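The lines below spell out each chain.
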Amino acid sequence: MPRLTVDGIDVTVPDGASLLDAARAAGVDVPTACHDPRLTPTGACRLCVVSVAGSPTPVASCTTPARDGAVVTTSSPELESLRSTLRSMLGQPPRTGDDGIDDSHPLIHVDLSRCISCWRCVRICEEVQGQLVWRLTGRGADTRIVTDSPDGLGTSSCVSCGACVDTCPTGALQDRSVLDRGEPEAWTRTTCPYCGVGCELLVGVREGEIVQVRPALDAPVNRGHACVKGRYGFEFTHAADRLTAPLVREDGALREVTWDDAIERVAAGFRAVLDEHGPGSVAVLASARATNEDSYLTQKLARVVLGTNNVDSCARVCHAPSAAALGAVFGTGAATSSFDDVERAATILVCGANPTENHPVVGARIKQAAMRGANLVVIDPRRTELAALADVHLRPRPGTNIALLDAIAHVVIEEGLVDEAFVGERVDGYEAFRADVADWSPERAAAVCGVDPELIRAAARLVATARPAISFHGLGVTEHEQGTDGVVALANLALLTGNVGRPGSGVNPLRGQNNVQGSAHMGCEPSKLTGYQPIEAAKERFAAVWGAPVPELPGRDAMQVLDDAAAGRLRALWVIGWDLALTQPDAKATAQALEGLDLLVVSDLFLNETARRHATIVLPAASAFEKDGTFMNGERRVQRVRAAVAPPAGARTDSAILAAIAARMGHGHQFSHRDASEVWDEIRQVWPAGAGMSYERLEAPGGLQWPCPDLDHPGTALLHTTTFTVGPRATLRMPEVRPLQEETTAELPFVLVTGRDLYKFNAGTMTGRSGTAVLLDTDLLELSPTDSRALGIGSGDQVVVTSRYGEATLAAEVTDRVPPGVVFSTFTDPVVNINDVTTPHRDATTNTPAYKVTAVSLHRA
Ligand code: SF4
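Criteria and cut-off values
Residues numbered from 1 in each chain as written. Predicted model: local features only at pLDDT ≥ 70, side-chain atom pairs only at ≥ 80, totals over all residues. Heavy atoms only, no water. Buried < 20%, exposed > 50% of the residue type's maximum accessible area, 1.4 Å probe, protein only. Helix = DSSP H or I, 4+ residues; strand = E, 2+ residues; numbered from the N terminus. Contact = heavy atoms within 4.5 Å. Near = heavy atom within 4 Å. Nonpolar A, V, L, I, M, F, W, Y, C, P; charged D, E, K, R; others polar. Pairing = 2+ DSSP bridges. Axes fitted to C-alpha atoms, helices over the stretch in contact; angles between N-to-C directions. Domains from an automatic or database assignment. Buried area = accessible area lost by both parts, 1.4 Å probe. Salt bridge = Lys/Arg side-chain N within 4 Å of Asp/Glu carboxyl O. Polar contact = N/O pair within 3.5 Å; in protein donor to acceptor, adjacent residues only side chain to side chain.

The next thing to look at is helix 26 (residues 654-664). Most of helix 26 is tucked away, with 8 of its 11 residues classed as buried. Buried within helix 26 are the following residues: Asp654, Ser655, Ile657, Leu658, Ala659, Ala660, Ile661 and Ala662. For helix 26, the secondary structure elements touched by its buried residues are helix 7 (259-277), helix 8 (292-305), strand 26 (572-576), strand 27 (599-604) and strand 28 (617-620). Immediately beyond the C-terminal end of helix 26, within one or two residues, lies Gly666, with a positive phi of roughly 90°.

What follows deals with the site of the ligand. Around the ligand, the surrounding shell consists of Cys192, Tyr194, Cys195, Val197, Gly198, Cys199, Cys227, Gly230, Pro360 and Val361. Looking at the shell around the ligand residue by residue, the class counts come to 8 nonpolar, 2 polar and no charged.

All right, on to the pairing of strand 12 (residues 200-206) then. In terms of burial, strand 12 is largely enclosed, as 5 of its 7 residues are buried. Relative to strand 12, strand 11 (residues 186-191) runs antiparallel, the two sharing 6 bridges. Paired with Thr191 across the two strands is Glu200, which belongs to strand 12. The sheet contact formed by strand 12 and strand 13 (residues 209-215) spans 6 bridges and is antiparallel.

Another aspect to go through is the pairing of strand 38 (residues 854-860). Judged by how many residues are buried, strand 38 sits mostly within the fold: 5 of 7 residues are covered. As paired strands, strand 35 (residues 798-802) and strand 38 are joined by 4 bridges and run antiparallel to one another. By the bridge assignment, Val801 is partnered in strand 38 with Leu858.

Here we come to helix 9 (residues 320-329). One turn of an α-helix holds 3.6 residues; hence residues three or four places apart share an orientation. For helix 9, the tally of buried residues reaches 7 of 10 residues, placing the bulk of the element in the interior. If you check which residues of helix 9 are buried, you get Ala320, Pro321, Ser322, Ala323, Ala325, Leu326 and Val329. On the buried face of helix 9, the contacting elements are strand 22 (469-473), helix 18 (475-478), helix 19 (483-496), strand 23 (506-509) and strand 32 (730-731). One or two residues past the end of helix 9 sits Gly331, with phi positive at roughly 105°.

Turning to the sheet that holds strand 2 (residues 9-12), a few remarks are in order. Reading across the sheet, the 5 strands line up as 2-1-5-3-4 and stay open at both edges, with mixed pairing between neighbours. In the strand order of this sheet, the two ends are held by strand 2 and strand 4 (59-60), each with one partner. Across 2 bridges, the pairing between strand 3 (residues 49-52) and strand 4 is antiparallel. Across the sheet, Val50 pairs through a bridge with Val59, a residue of strand 4. Each of strand 3 and strand 5 (71-73) touches helix 2 (residues 77-89); the most contacted strand, strand 3, lies at about 150° to it.

Domain boundaries in the protein chain define domain 1 (3-88), domain 2 (101-238), domain 3 (257-318 + 515-702), domain 4 (331-509) and domain 5 (750-838). Placing a centre on the C-alpha atoms of domain 1 and another on those of domain 2 gives a separation of 28 Å. Counting residues at the interface gives 9 residues for domain 1 and 14 residues for domain 2. Where domain 1 abuts domain 2, roughly 940 Å² becomes buried across the two surfaces, and 52% of that area is made up of carbon and sulfur atoms. Broken down residue by residue, the surface that domain 1 buries against domain 2 is led by Ala33, Arg38 and Leu39, which jointly contribute 61%. Where domain 1 packs against domain 2, one counts 2 salt bridges. For Arg38, the salt bridge is made with Asp166, and the minimal N-O distance between the two is 2.7 Å. Taken together, the links from domain 1 to domain 2 amount to 8 residue pairs in polar contact (both at pLDDT 80 or more). Its residues assigned to classes, the side of domain 1 that touches domain 2 shows 4 nonpolar, 3 polar and 2 charged.

Structure below.
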């Protein structure tokens, strides 16, 4: 670690630090223009010049390494004169024929008359986002910046991450929200309310309203980056249709009532059903958008107040198979590694996930790693952005992951690529697995999944030999009839190749919603208590803290709850922040189930479709920008959520609503926490692996990753380093290839796959009411050019999609992203209601809906 002096101040800096880093460490301000800590220093503007004793000329401090014993001077008449000259040279060369204004982008205003040619926008677009929208044109003094579209930013390949705005030092690139509503007066650091990446954001507020969001520079997850949703998807907070008073349905119509009235009706409604039908007749479904503290209180209310284990979260419809499979194989049902392992991996396997759209900041990190030379293998029927960059892209028929992954394991064994030392030391069941997987040659798998056997071999060789190899998977693995088996197959590959428990390796589910990991982990899971502890093993600990027993009757998951409602066994349901009507598969069956209830309570920010069509009572809730607490991201990281603005008058936090209902039902003493930190302290009491994560410690950037059992524990970035949670050895399990229940036929020859995209988040409740909505505001049906020609359906044509369960009509988008025979749609638009079409089939282990395979026919409307 070099030790040097800067303006007479002794300072020691890490190896590799620059003189600029040393000056800043010494508290000395050195002017810069082209410098941004997120970017590779270039020394282009040279404003950061300093003198170094013994050096004949001043040097750019940002590109000069700090050397031991250096004596640095940052200010002198000579240096100031030089900087003055350099400043006069900054500036975009004058343009003829225009004023430098580009108003073509709906979220970003461009005024190149303010450009000083620092080129930070060009570099950040390349080095952080990897998009290359901004580029340089011209030579020498005539060099200037342009976008990759001659018609401006709005028609460029911009993905609206806002990184260029964030780095621009002059306001040449500016958020429209700031120009329209003014600069923020105050900033609050919090965690993004969208996806499970968990970016830390700075929320800028002016006159009580959010006017800008920027990424936190020192956040370990996002390192000063964000995506379009995190950066520009905040305006829903102040949308005109926020709910501000409770509603009750009378004579078919919803009318406003007071909070007191609403709470009494909820309490009385649950009491009546419990008295008549017992605790098996009530359920609570929790929100993956809510905080850990909200989720903990949700399951506590279900168990302590309602006396039922019928509590679940929307992890059921996404990554329950990941939790089940990773729990069974390794002992912990969560990501084995961290996002930082992306940069440590030699090979990255992305299976059934589209991170550059659905987890964009991690997607950008994977893209950057691939651009720097990491091997990239993508398994996806669609040609996603990462698939286009991949060394090997395998495009299986939807629903055939198991045959493909078993064949990859077959090749690893057949070609002698097994990490024998790792298997010998830490893996059981190898011989039996080898015998079972011997049947799954690439040729046999190819007949099932449609992938060229040589591509299967190429993928196997990369994963097994270019190590460390890490895998990331998404709902393209889990939302299948064999979703859990798919994750087991990925775990098998990691075990065979020694790619678990080592830096740069592991098996990692990319979690969809911001707190989907947390809501299930807090105990919104019928068979698990907080910390994912099995009820039987942990019930005494909880009973002692709660002063009430954990119910004995086994709980029902979200899908079973709806089955029970349809069968008349479930009579009262409370749904928190989850639009069942729009997002559950087989929407008609969902509607019938909800219609039969005696009591349906919906808490949400808005009158979502479930509330509008079916609710008995609607409770207005506060958003993540309006409350304190914590979220848990997809790498087991717990980070603080902090209120940036007050909720609208009349809306309440989920925790406050839960406490009010509990109190009305005679359990106020068990829900008397003064604030979120007191709830969290109770969570730490019942969850030993989280006991070390005090709010005080979570104040630090990045919070902490569990397990973190005591206050001196640093948290755990990498699981299973020397032993597995299940024990010293993990066991290979052969996932059998089973025929699909949802079969295509001559009448239903296409496979519909549903999912999210970059601009639309799930049901669109938040993105549909934010600046992001202008970028893409409805669902489109992706259709291959081959099928387009055969059916005579072009882009923009309305298409009727018909399945065994219903039909939906939406516009076509002809694209080679999907292969022939496969169509894809998002599920945001209530007018389209694509879930009228989707299948009722489920993962055999966890009941997660098989959203990724519905047999359909297509007709031009
Ligand atoms: Fe938010 Fe996810 Fe985007 Fe990060 S990547 S800003 S967490 S939506």
